[in-house]
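# Remarks on the overall topology
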Amino acid sequence: MQLLRLMLSRGYHSSKGVFGYCPRSLPQYKASEDVLKQRNQNSNAYRWIEAYRNHGHRMATIDPVLFQGPLADEETSAPTVLDYTRYGLAASDQVDPAGLVYVPAPQSTLSIGELDQVLRTRYCGTCSIELAYIESEEEREWLIERYERLLTERPLTDADRREVAELMLKSQAFDQFLAVKFPTVKRYGGEGAESMMAFYRELFRCVTEAGLRNVVIGMPHRGKLNALTIMFGTRPAKIFRKFKGHPEFAEGVKAMCDIASHFHTAADISWKGKTFHLNMLHNPSHLEAVNPVSMGKTRAKQLAIGDGGYGSGPRDGLVWSKALNVQVHGDAALPGQGVNQECLMMAQVPHFDVDGTIHLVVNNQVGFTTPAQRGRGTRYVSDLAKSIMAPIVHINGDDPEALTYMTQLAVEYRQRFGKDFFIDLNCFRRWGHNELDDPTVTNPLLYEVIRRRQSIPDTYARRLIDAGVLDQPDVDAMSKSHQNMLTAELQALAEYEPERSYFEKQWAGMEQPGNEVTVWNTGLDYRLLDHVGRASVAHPEDFNIHPHVKKTHVDARLKRLAEGQRIDWATAEALAIGSLMYQGYNVRLSGEDIGRGTFAQRHAMFVDQRTNEIHIPLNAMAGGGAASGRLELANSILSEEAVLGFEYGMAIDSPNTLVIWEAQFGDFFNGAQIIIDTFLVSGETKWMVCNGLVMLLPHGYDGAASEHSSCRMERFLQMTDSCESHPDGDDINLQIVNPSTPAQYYHVLRRQMIRNFRKPLVVVAPKTLLRLSECVSTHVDFAPGTHFEPVLPDALELDPKRVRRVVLCSGKHYYTLHQERKARALSDVALLRLESLCPFPVQSLNNELTKYPNAREFVWSQEEHRNMGAWTFVQPRFENMCERRLQYCGRPEAATVAVGVGPWHAQEAETVIRSTFQ
């Protein structure tokens, strides 16, 4: 029973670990007997202290605009909770703080009144912490001690304070400079949130002290240009050039470019003599969409380093990855965008875990124009973090020193526990959503207060002046020096040449393809493929495989391989993946239920029926040498947007990893439409960021009604930059294929990796073809010299001179047409299969059409409705470039993908087939 309970707990299928999953050791924490004794002896005092820890944040003065702590509805409840008399205590009572609270200096006793002041300072000032919801006793105890000690353990020196002030004043000077020189440009400045500079400064210090090697940041518009030019090493001239209306890429680069607030950087950052690599990603205007991408790229860095989930385990809980993920959020977007919940739900899931993310919430206290109280249904913008029990600290933006301490706490927590940490930086937005927007139209009272108060840098500078750390000439010199540098950069604009930031490091050797379609031989000796195929179903002798899987999958595959004749879809996929691994490429297959496959066709992993342990056969494949690749099976949460964004992040960093995302059903991709639109299909032309991500989208009309029939290929075809009047080349932005044989699928997967360029690929994947007896390939189809064929010729040996009608089709539909033609014994109708939809195969198609000189009718037949499927894409290209009139046969226009009544479906299908041959 204990073993069963352990197997059915939240643990993964493997207690030993598999490629991409390195188990964490179970916590063994126990509070000391002395501490527990002290708390029991002073139980009333301890309950009162815990009340401060649990409720003090409700009284904290974290609002830099209104300078008020408790909300109106808590003016009575919060003080009552913190009132020591409620716990039977008096101000003069003496208590030994040991084991109860961590005070600045060891003292034998403190009065309750003295302790009240200590706690009020810690928990009700410009900084506070939330941790009542954290279940782990070890984490909670550690957080309390570090939080209470940190403010006095490492006091900031005067030099530290001057550095922080200078960075904030530089940020302010940058915005003021742009306001004068580019008054009509939307810059999405950092005014009101300049404390961010203190966050990045401390982050860099902690990163270098911890010996981390990579930091990957996902950040929205707000303050991005400030961070780029002040902290991340981007030359202001690059920003100014863009504001002047020039492209950010050198002449000759095939790119459409983007706005400045979407810029990125990839740079080696030196800090106090130590160096780490920083990536701040391109972000679209779809807020928070960059977050899963940053997680995926961080995961790819961990793969390259060989740590995190890719290390050797089990981990002892103190060794976490040297690649750190950082996400910067907006206050309205964090609770409002569902992708954030999806990301948090991935945070501790095997194969998506990045060993903890540090989150900074830039809390403007207003959305575009939406007041904070209408932007969410919870107290804090950060309440979403509680779903994964991540610690949250709330900080007043006027206190960059508190932000410095809490940034240190965040990094220490991540390094200690490998989990997420949230910093809620309460600040304000000096202007509207952008500098050209007037926020007083909708929030007049809020902005009356904002415009009356000093800026955050000036407030902090005045504080240091009063403390004797700075004087006014120092402050003026800091601002003036930065403005002089910006002026020099603007004057040097004519000499500035955009730097190359692509096809470097791991991308070296890759290039942008040309405007022709190239052919890549992807066939291999069948002896190697037979070895790969057998390895794909091998398992240890003592492994208790499911009997049905043994019979229908393992034994059946071995028989097919031995015959070399009836190789099915799943076997071809295994041959493609395994052969790429043999050549040294890694493969990552991600999605819901991908280990087994939605249709129980793949079985890339076996589950022991007695122990629940998993075995991935291809990772035990012999041969290929030490450089052999590995297969990562990432069974995902029930998410599309975050998971696809994560996989895109992996793909843009790992050109030698075949990254595949499979939708459970093809139309489920629409949950990830933001990722597809703003990253996948446009990332290269906007940012020169290439990717070779593969999307498998099961498609086919088989009576499953609206939500499981179509992958909406028409939408993907519309998103391509294919031209209707001249042939496409490899430089198309998106490849779309609808393969009709296992061998074609095999070739297109292998081609994806062996080429010297990377393009995203949409595979219109089958459902019924997975087990259709006619949908098989022979060993000859995989032989050396074979390759993906964009058009498949007619399978019958017709007399080409007798052919009067040529029917074009794609994918699964071919087999239905083929059976109908055989049933009718037609010898004057040819069937051509468009395997590649984009690039549109003009040359291959014309080569086939010339075989039929007497053909007078050309028909496009599809099972989809007329306003769906490939018809509207194929027709103009066929007629313009093949110079023949094309007729349509298929379902009529409709508002939904398919009917929900079985007899109607059957009748429609019969009509489509009949009309094709009439």
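This structure is a prediction, so every number in the text was calculated from the model and none was measured.

### Quick look at the pattern of salt bridges
This structure, assessed with the given rule, holds 54 salt bridges. Linking Asp-399 and Arg-463 is a salt bridge whose minimum nitrogen-to-oxygen distance equals 3.5 Å. Within this pair, whereas Asp-399 is found in the loop between strand E9 (392-396) and helix H14 (400-417), its partner Arg-463 is found in helix H16 (residues 456-466), the two being separated by 64 residues in sequence. For Asp-399, a relative accessible area of 11% corresponds to the buried category. Here Arg-463 falls in the partly exposed class, since its relative accessible area comes to 36%. Where salt bridges share partners, they join Asp-158, Arg-161, Asp-399, Glu-401 and Arg-463 into one cluster.

### Considering the side chain of Thr-298
Along the chain, Thr-298 turns up in helix H11 (residues 290-305). Its relative accessible area of 0% is what places Thr-298 among the buried residues.

### Some remarks on the packing of helix H6 (residues 137-153) against H14
Across the interface, H6 lies against H14 with an axial gap of 11 Å and an inter-helix angle of 150°. In terms of orientation, H6 lies roughly antiparallel with respect to H14. Viewed along their axes, H6 and H14 form a crossing whose handedness is right-handed. Residues Glu-138, Glu-139, Trp-142, Leu-143, Arg-146, Tyr-147, Leu-150 and Leu-151 of H6 pack against Tyr-405, Met-406, Gln-408, Leu-409, Glu-412, Tyr-413, Arg-416 and Phe-417 of H14.

### Observations concerning the packing of helix H19 (residues 547-563) against helix H20 (residues 569-582)
It is the contact of H19 with H20, at a shortest axis distance of 11 Å, that shows an interaxial angle of 75°. Put simply, H19 runs roughly perpendicular to H20. Taken together, the residues of H20 that come into contact with H19 (itself represented by Arg-557, Arg-560 and Leu-561) are Ala-570, Thr-571, Ala-574 and Leu-575. Considering only residue class, the contact of H19 with H20 consists of four nonpolar, one polar and two charged.

### Details of the side chain of Asp-608
Topologically, Asp-608 is positioned in the loop between strand E12 (606-607) and strand E13 (614-615). As a buried residue without a salt bridge, Asp-608 has its nearest oppositely charged side chain in Arg-610, at a separation of 6.1 Å. A polar contact is formed between the side chain of Asp-608 and the backbone nitrogen of Thr-611, at a distance of 3.1 Å. Setting aside residues up to four positions removed in sequence, Asp-608 forms contacts with Asp-542, Phe-543, Asn-544 and Glu-613.

### Side note on the sheet that holds E9
With respect to topology, eight strands assemble into an open sheet ordered E3-E9-E10-E8-E7-E4-E6-E5, the strand pairing being mixed. Lying at the two open borders of the sheet, with one neighbouring strand each, are strand E3 (127-130) and strand E5 (265-271). Within the sheet, the average angular offset between the axes of one strand and its neighbour, ignoring direction, is 20°. Where strand E4 (residues 214-218) meets strand E6 (residues 274-280), four bridges bridge the pair, whose relative direction is parallel. Paired with Ile-217 across the two strands is Met-280, which belongs to E6. Across the face of the sheet, helix H8 (residues 196-210) comes into contact with E4, E5, E6, strand E7 (323-330), strand E8 (357-363) and strand E10 (421-426) while running at roughly 130° to E6. Sitting on the sheet, H14 is in contact with E3, E7, E8, E9 and E10, with an inclination near 165° to E10.

### Concerning the environment of Asp-525
One can find Asp-525 in the loop between helix H17 (472-491) and helix H18 (526-535). For the pair Asp-525 and Asn-733, spaced 208 residues apart in the sequence, the C-alpha separation amounts to 32 Å. Only 2.7 Å separates the side chain of Asp-525 from the backbone nitrogen of Arg-527, close enough to count as a polar contact.

Parameters and conventions
- Residues numbered from 1 in each chain as written.
- Predicted model: local features only at pLDDT ≥ 70, side-chain atom pairs only at ≥ 80, totals over all residues.
- Heavy atoms only, no water.
- Salt bridge = Lys/Arg side-chain N within 4 Å of Asp/Glu carboxyl O.
- Helix = DSSP H or I, 4+ residues; strand = E, 2+ residues; numbered from the N terminus.
- Buried < 20%, exposed > 50% of the residue type's maximum accessible area, 1.4 Å probe, protein only.
- Axes fitted to C-alpha atoms, helices over the stretch in contact; angles between N-to-C directions.
- Parallel < 35°, antiparallel > 145°, perpendicular 65-115°, else oblique.
- Left-handed = near helix turned anticlockwise from the far one by under 90°.
- Contact = heavy atoms within 4.5 Å.
- Nonpolar A, V, L, I, M, F, W, Y, C, P; charged D, E, K, R; others polar.
- Lys, Arg positive; Asp, Glu negative; His and termini not counted.
- Polar contact = N/O pair within 3.5 Å; in protein donor to acceptor, adjacent residues only side chain to side chain.
- Pairing = 2+ DSSP bridges.

Note that every value here comes from positions in space, so none of it alone points to a role or purpose.
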